[in-house]
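Listed below are the residues making up each chain.
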Amino acid sequence: MSLKQTLVSRDDSQQPEINEKTIAAAVTGEESPDTLVRKKRAIPKKRQDVLKWNGWGYKDSGFVYRDGDLLFSGDRYPLGNLILPYFTNWVRDRLGGNFALKVESIEEPDDTTFPEANVTSELISKIEEIGVTYSVQGGDRLFRSHGHTLHDIFTLRTGNFPRIPDLVVWPESHNHVVAVVNLAQTLGVVLIPYGGGTSVSGALSVPENERRTVVSLDMSQMNRILWVDEANLICCAEAGIIGQDLEGQLRTLGFTTGHEPDSYEFSSLGGWVATRASGMKKNTYGNIEDLLVHVKMVTPRGTVEKHCKVPRISAGPDIHHFVLGSEGSLGVITEVVLKIRPLPICKRYGSVVFPDFASGVSAMREVAKERCQPASIRLMDNEQFKFGHSLRAPVGFLGNLSSAAKQFYLTKFKGLDLNQICVATLLFEGQKHEVNVQEQRIYGIAAKFGGMPGGDSNGERGYILTFVIAYIRDIALDYNIVAESFETSVPWSHTFNLCENVKLRVINECRARGIRHHFITCRVTQTYDVGACVYFYFAFNYAGMSDPVRVFEEIETTARDEILANRGSISHHHGIGKLRAKWVPHTMSQTGVGALLHIKRAVDPDNIFGNGNILSSPETMVQPQQSQEDSFMHSKL
Amino acid sequence: MGSISAPPNIPAPMFQDILSARRRSNDFRWASRPYNPSTYFVRGRAKEPKELVASVLQCARVQAVVREIAVKEGRDSRDVAKQAEQILAEMAHDYHLYTVRWFGYVLSKLAKNHFSSIFVNVQKLQQIKDCFQRYPVILLPTHRSYVDFLLLSYVCFTFDLPLPIIAAGMDFMGMMGIAELLRKAGAFFIRRRFGADSLYWALISEYVKRAVLSGCHPMEMFVEGTRSRSGKSLYPKIGLLTSIAELVRDREIPDVLILPISMSYDRTLEETLYARELLGQPKPKESTNGLIKGLRWLQSQSYGSMYVNFGEFISVRETLGECLASPYVDDAIFTKRIQKLGLNVVIEQQKNLVTPLFSVVATIVLAKMSEGERSIGFPKLMNQIHGFRALITPNGSDFGLPLTGETLEWNVRHILTIHSDLVVCPKNEEHIVHFQMGEDETVDGMKFQHYANQFVPLIVPNALLSVLTNSATISDNAQRSTSEESILKDYAFLRELLFDDFIYDRGNEMLEASKASSIFNVYLNKGRSNGHTSRWTTETEEMSKILRLSIEPFLIAYWGVAKTLAQLSIQEDQTESQIVEVKLLGKMSQSYIRQLLGSHFPNHYGALSLDTLNNASMAFIKLGVVTKIKLDSGNSFGMVVKDSQRFAQLIILIENYLPLRSRSKLNAVSSSSVQDFQDLSQLLQLKAKL
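Rules used throughout
- Residues numbered from 1 in each chain as written.
- Chains lettered and ligands numbered in written order.
- Predicted model: local features only at pLDDT ≥ 70, side-chain atom pairs only at ≥ 80, totals over all residues.
- Heavy atoms only, no water.
- UniProt positions renumbered as here; feature names shortened; annotations may be inferred.
- Helix = DSSP H or I, 4+ residues; strand = E, 2+ residues; numbered from the N terminus.
- Buried < 20%, exposed > 50% of the residue type's maximum accessible area, 1.4 Å probe, protein only.
- Contact = heavy atoms within 4.5 Å.
- Areas by Shrake-Rupley, 256 points an atom, 1.4 Å probe, with all protein chains shown as cover.
- Buried area = accessible area lost by both parts, 1.4 Å probe.
- Salt bridge = Lys/Arg side-chain N within 4 Å of Asp/Glu carboxyl O.
- Phe/Tyr/Trp six-rings, centres within 6.5 Å; stacked < 30°, edge-to-face > 60°.
- Lys NZ or Arg CZ within 6 Å of the ring centre and 35° of its normal.
- Pairing = 2+ DSSP bridges.
- Axes fitted to C-alpha atoms, helices over the stretch in contact; angles between N-to-C directions.
- Parallel < 35°, antiparallel > 145°, perpendicular 65-115°, else oblique.
- Left-handed = near helix turned anticlockwise from the far one by under 90°.
- Nonpolar A, V, L, I, M, F, W, Y, C, P; charged D, E, K, R; others polar.
- Polar contact = N/O pair within 3.5 Å; in protein donor to acceptor, adjacent residues only side chain to side chain.
- Lys, Arg positive; Asp, Glu negative; His and termini not counted.
- Patch = residues over 30% accessible without salt bridge, like charges linked within 9 Å, V, L, I, M, F, W, Y side chains within 5 Å.
- Charge placed at Lys NZ, Arg CZ, Asp CG, Glu CD.

The name given to chain B in an unreviewed UniProt entry is Dihydroxyacetone phosphate acyltransferase, with Folsomia candida as the source organism. UniProt, in its Subcellular location (unreviewed entry) section for chain B, records the words "Endomembrane system". The UniProt entry for chain B carries this comment under Sequence similarities (unreviewed entry): "Belongs to the GPAT/DAPAT family."

In the nomenclature of an unreviewed UniProt entry, chain A corresponds to Alkylglycerone-phosphate synthase from the organism Folsomia candida. As its UniProt record puts it under Subcellular location (unreviewed entry), chain A is described as follows: "Peroxisome". Here chain A is described in UniProt, under the heading Sequence similarities (unreviewed entry), as follows: "Belongs to the FAD-binding oxidoreductase/transferase type 4 family."

Overview of the overall build of chain A
Scanning chain A from N- to C-terminus turns up 22 helices and 21 strands. Looking at chain A residue by residue over its 637 residues, the buried ones come to 59%. Taking as baseline every contact in chain A between residues at least 6 positions apart, the subset at least 24 positions apart corresponds to 77%. For chain A, the computed accessible surface area is about 25,500 Å², with 53% contributed by carbon and sulfur atoms.

Focus: the overall build of chain B
The helix and strand inventory of chain B stands at 28 helices and 17 strands. Each of the 690 residues in chain B was classed as buried or not, and the buried ones make up 58%. Long-range pairs, those at least 24 residues apart, make up 80% of the contacts in chain B between residues at least 6 apart in sequence. Here chain B has roughly 28,400 Å² of accessible surface; of this, 54% comes from carbon and sulfur atoms.

Describing helix α2 (residues 85-95) of chain A
Pro-85, Phe-87, Thr-88, Trp-90, Val-91 and Leu-95 of chain A are the residues of α2 of chain A that are buried. With its phi angle positive at about 60 degrees, Gly-96 of chain A sits one or two positions after the end of α2 of chain A.

Some details on the interface of chain B and chain A
With 15 residues of chain B in contact, the opposing surface of chain A contributes 17 residues. Around 1,500 Å² of area is buried between chain B and chain A when both sides are counted, 44% of it from carbon and sulfur atoms. On the surface where chain B and chain A come into contact, there are two salt bridges. The partner of Glu-562 of chain A in a salt bridge is Arg-251 of chain B, and the shortest N-O contact between them spans 2.5 Å.

Points about the packing of aromatic side chains
Aromatic ring pairs: the centre-centre distance and the angle between the two ring planes describe each pair. Evaluation of the coordinates by the stated rule reveals 44 aromatic pairs over all chains. Geometrically, the ring pair formed by Tyr-65 of chain A and Phe-99 of chain A is stacked, given 4.3 Å between the ring centres and 5 degrees between the ring planes. On the criterion of sequence distance, the pair formed by Tyr-65 of chain A in strand β1 (residues 62-66) and Phe-99 of chain A in the loop between α2 and α3 (121-130) is long-range, its members being 34 residues apart. Here the aromatic rings of Phe-87 of chain A and Trp-90 of chain A are separated by 6.1 Å at their centres, their planes lie at 15 degrees, and the arrangement is stacked. You can see Phe-87 of chain A and its partner Trp-90 of chain A sitting in helix α2, three residues apart, about one turn around the helix. We note that Phe-87 of chain A, like Trp-90 of chain A, is buried. Following the ring pairs from residue to residue traces out a cluster consisting of Phe-63, Phe-72, Tyr-77, Phe-87, Trp-90, Phe-387, Tyr-471 and Phe-519 of chain A. Just above the ring of Phe-502 of chain B sits the side chain of Lys-232 of chain B; from NZ or CZ to the centre is 5.5 Å.

Quick word on the pairing of strand β7 (residues 214-218) of chain A
Residues and elements named next belong to chain A. With five of five residues buried, β7 is to be regarded as a mostly interior element. Side-chain alternation along β7 places Val-214, Ser-216 and Asp-218 on one buried face and Val-215 and Leu-217 on a second face that is also buried. As judged from the three bridges shared by strand β5 (residues 167-170) and β7, these two strands associate in the parallel manner. When the sheet's bridge partners are listed, Val-169 is paired in β7 with Leu-217. The sheet contact formed by strand β6 (residues 190-194) and β7 spans five bridges and is parallel. What sits directly across from Leu-191, in β7, is Val-215.

Considering the pattern of salt bridges
Scanning the entire structure with this criterion turns up 69 salt bridges over all chains. Two residues, Glu-500 of chain A and Lys-503 of chain A, come together in a salt bridge whose shortest N-O distance is 4.0 Å. Pair noted here: Glu-500 of chain A and Lys-503 of chain A are both in helix α18 (residues 492-512), with a separation of three residues, about one helical turn. Both residues of the pair, Glu-500 of chain A and Lys-503 of chain A, belong to the buried class. Ionic pairing is found between Arg-505 of chain A and Glu-562 of chain A, a salt bridge with its closest N-O pair at 2.6 Å. Taken together, the residues Arg-505 of chain A in helix α18 and Glu-562 of chain A in helix α19 (residues 548-565) connect sequence positions 57 residues apart. Bridged by salt links that share partners, the residues Arg-505, Glu-509, Arg-513, Asp-547, Arg-550, Glu-554 and Glu-562 of chain A together with Arg-251 of chain B form one connected network.

Observations concerning the sheet that holds β5 of chain A
Residues and elements named next belong to chain A. Judged by pairing direction, the sheet is mixed, and its four strands sit side by side in the order β4-β5-β7-β6 without closing on themselves. Looking at which strands have only one partner, the edges of the open sheet turn out to be β4 (133-135) and β6. Strand-to-strand, the axes of this sheet are offset by a mean angle of 25 degrees, without reference to chain direction. The pairing of β4 with β5 spans three bridges and is classified as antiparallel. Each bridged residue has a counterpart across the sheet, and for Ser-135 the counterpart in β5 is Val-168.

Considering the packing of α18 of chain A against α19 of chain A
All names here are of chain A. Relative orientation of the contacting elements α18 and α19 amounts to 150 degrees, with a least axis distance of 9 Å. The angle between α18 and α19 falls in the class roughly antiparallel. For the pair α18 and α19, the crossing hand works out as right-handed. Residues Leu-498, Asn-501, Val-502, Arg-505, Val-506, Glu-509 and Cys-510 of α18 touch α19, and the partners they reach there are Ile-555, Thr-558, Ala-559, Glu-562 and Ile-563. Partitioning the contact of α18 with α19 into residue classes produces seven nonpolar, two polar and three charged.

Some details on the UniProt feature "site: Important for enzyme activity" (unreviewed entry) in chain A
All names here are of chain A. Using the residue numbers shown here, the UniProt feature "site: Important for enzyme activity" (unreviewed entry) corresponds to Arg-378. Summarising the element assignment, Arg-378 is placed in strand β16 (residues 376-380). The residues touching Arg-378, leaving out its near neighbours within four places in the chain, are Asp-262, Met-280, Met-364, Val-423, Ala-424, Thr-425, Tyr-463, Thr-466, Arg-523, Val-524 and Thr-525. A distance of 3.2 Å separates a polar atom in the side chain of Arg-378 from a polar atom in the side chain of Asp-262.

Digging into the pairing of strand β20 (residues 518-527) of chain A
Residue and element names in this part refer to chain A. Within β20, ten of the ten residues are buried, leaving the element largely enclosed by the surrounding structure. Pairing of β16 with β20 involves two bridges; the strand directions are antiparallel. The partner of Leu-379 across the bridge, within β20, is Val-524. Where β20 and strand β21 (residues 531-541) come together, nine bridges link them in antiparallel fashion. Along β21, the bridge assignment pairs Thr-521 with Tyr-537.

Thoughts on the sheet that holds strand β9 (residues 234-238) of chain A
All names here are of chain A. The five strands lie next to each other as β8-β9-β13-β11-β12, forming an open sheet whose pairing is antiparallel. The strands lining the two open edges of the sheet, one partner per strand, are β8 (225-229) and β12 (302-304). Averaged over all pairs of adjacent strands, the angle between strand axes in this sheet comes to 10 degrees, irrespective of strand direction. Pairing geometry for β9 and strand β13 (residues 332-339), over five bridges, is antiparallel. Opposite Glu-238, over in β13, you have Glu-335 as the bridge partner. With respect to the sheet, helix α7 (residues 243-252) is in contact with β8, β9 and β13, its orientation differing from that of β8 by roughly 40 degrees.

Some points on the side chain of Lys-45 of chain A
All names here are of chain A. Along the chain, Lys-45 turns up in the loop between α1 (19-28) and β1. The side chain of Lys-45 sits in the buried core without any salt bridge; Glu-172 is the nearest counter-charge, 4.4 Å away. In terms of polar contacts, Lys-45 uses its side chain to reach the side chain of Thr-133, at 2.9 Å. Those residues in contact with Lys-45 that lie beyond four places of it in its chain are Thr-133, Arg-144, Trp-170, Glu-172 and Gln-221.

Notes on a negative patch on the surface
A cluster of acidic side chains, namely Glu-104, Glu-107, Glu-108, Asp-110 and Asp-111 of chain A, defines a negative patch on the protein surface. Along the polypeptide, Glu-108 of chain A turns up in the loop between α2 and α3.

Below, the structure written as structure tokens:
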């Protein structure tokens, strides 16, 4: 049989398991939750029909340069179809963008140009026996061979990945997954779970030296909410459901998970758990580990799960904690039970202008100390404030006048330096009176540090831009600019210095390499009792440089070294993947690495989940007293 | 004349004389010109001097120390805070541009009257400007004169570089008016001794840190801690450097860049003062009156040229290295790294020092003087200078030539006139250089030594080899082996022994020795091939002898200290050992050596330098044969022989290389000299016990 066959389309009629949802229905007394399943989904099975094959997000959305100005195409986002002259100038001035010189991406490769899939007919027939759909088409395999690091996208635009998966399969239920994993174990095939594909850690790339057949386990067809339990305010969904579908469907029932990572349009529930994701509104709802009540993970040695869905348990080390953050290296997550909350009555935006970044950080610290964070509070530095400010449509004379008046008021009347000020954006959620109280407290604390309210429209803009910013890299790459984001978590005592030091270090690393136009900015995006999450954007103009991605990675590496020296962490929510694996032993101690290796051996001795994330770096291999067993394990990872 | 033709005697074109421009245009207009310094690093918003002080008082560390002291001493914390405020008022700089302009004007006038040129390495300026933008920069110049910090600020002002703020000693505080003037020019003042005063330490450390991060000026400090009276580099002090390194360790900043700067003078302003101090005559207290007198005297003097050279930037982060990889930095490792950093700075300073031409003259003169001669023929002097130059240029060093474009010979003539109080070529016999000797020969000897000390560090490897292969002492000592291996072993021993006097990059001793000998051999062969065999042999033998004589004062000094200490421990009751205070030991050794000069040793006045005698004590402590004991009173410490057997061996070892005229008579002299110590011994501190 020919292995180059077209996508086999199968009927979606497979019956879901019903035992759990019927229990839930019995408990809540609601009508059959079957209405919840099989709703319209935002992303089709053949993703490249709607999503860019070589960039971020929807095909119809993105920045384009037209008639002398940049504009944002499509009408999915509030910025849609607006001409952006200030942003155009910002790119020119700040990054030396030259719109006359466009660097075109290569054409989307034809299916015939890919290396032949390394699949046996036995594998195919067994897959067909199980009854899951599959594809060996190049385009499908390519789409699942990468995430969204700069390296990934640059490679897509300019050439080939050294290794892509051989086969894509679409399981549609937990049982499908169990069968596929068993098959993989029997045939010695590698499985790489694939959720939303938004990884920025190299987690999805196929290890180059992997000789076995590599199967991408696309979870997108496991996208149902299985049940909603109103009595306990939890819901169970299949791991492949993406954020916007989950939220959209829950909203119709009057609920929300409140989990809103910046990628939530595309990223999946299973992916959140596997990377220990963090949502913008974690102050109100918690991060994924706080939301998680129960999880099923299928490993080659069986399914890991707890047999209760309780608020808390004392039962030895929590097995959820090796599922959370496992990044697909131990097994595949199939079903997740999350907390849900009633939709908030009142939602309000706000912003505060601070005289400088230092006072802004002090205010954030105070807010955390008082534990009065609203749903979201983020502090942008001066560069980001200016950048965000450029992303606006031109307004009429009156608009200019009012912004000029505002500027005059801030600089002359309040004595602020526009090159020093920074802005905190706020999002309040809850009952109306709660929101009022929250607002009062926040503005009160801000005032102590010289901050003054900057209006709700500034705040709202900040959050709207969140989803748009991800599209900027694609237009940047069109004009010789490389860009990427990276993040960390850091104790309060070092937060301000970490922000300043990382930026300074990156700027000086750029100077040392003769890079003339560079841009590094940060924002404090989350606050905790102990510290904060800091998010950096870094870009530079690489005109005349032969290997910009290598240079970029070099600088990013020094930035991470600087972060660690500043008592920051390896990652707050992006995860390790392969990109940050070299800092793992430093992060968790060699003994910790050894313990994780033994968990790996217990659930996946043959390294079926061989994506090589977290523990695959040479640094991990260097163990002081390496037993033979351990070296055996390393060779597998 | 020497058979080596000198290369064209022009200071490398990278040096530019900044005085020549001053001679061409109006000083007042120049000093009041628009001054737009190049961009300098600042964290956040630049802080004014007053704000700096406020931020120090508010910082957590100072607040904690204030509370701690209040509790410990039962005082009101507001009272302690007030004290802190006073200390900071005494410490803080109060930089004003107009003061700098005033200095710029006055210094231009003074410099043009008394100096012929100020040579500055201008090739480095662009790099310095770049680095000023990147990270905070600490300027670490050599310190040989009070002129140093004036000169450096003057250079910065000239090239539109941001002016440094300067860590200065409290010596100036006694000078009415001057201290305030300097304060307004950017100096801040640190007490010489504050021992365990935790409040003072917290204040100075935090002040330095805040000023480095937000002061918007590079900071200048002197790694040697004080002016080097001897003319050689001093062992680095790491107090302030530690504060700087803490900034990087604690990641208040990713890096601080250190710029070693080498400044040298054809003639040192303080040459007589230094000579007196090194001989133990007390240093006159700094006073405005004294300064005015000094300035009046200065009117009549000419000082040749000044040379400012910049070294390579040193990254504090890179120096600390893996020290930083963990948040839990081991304090001992941290301190070791800073000590290494200090040494690296001193080595870099030495490497880039433009060697004053008179230093080689002084080295030759001292060699002659030690043999009782009072003059040298000018051609002979020139031959030797050419010879020595051939030894140092392969290592990248060279003499500074005040007369750009003139021959070496003319420059030497010029330098001799600048030092006319030490050497004279009478009008009628220009071929002879006479050494001027005043009533106290040791003072003049010490003045020469001050200059020689600026050259000797460059030729230490050759000098030591010359000592080690000297046939005279070898024939005297049957037990000394002449195998290459044992020479290299002894070489490494002596190099380490003399470390504090001649700081070098440890670990490359073998390489250094073989390089030095090959340079010398190349020089020898060059002469031979030119066919002046016989005269060449005498000349190189002469040179070899000068090399040996140049290091002998140091060997004598070390030997003298050891001998004195040994005698002291013999005469005392072993059960209740007396401890001799280290400074006193220096003085006792000095008087012991003074007796032997001329009779048992050549006239090596350099051996009387208290600086070297003190270094000798330190060396014995480091070797582990002598123990340092903290004395009950004051900041000083005493010395006690720990391992008398090894100590005796050490004495014999050094003695082997000494130019002893009569070994047999020495012991007698030594034992009789014990009597001379009797009065001194009464001064011995008895309090501390082993």
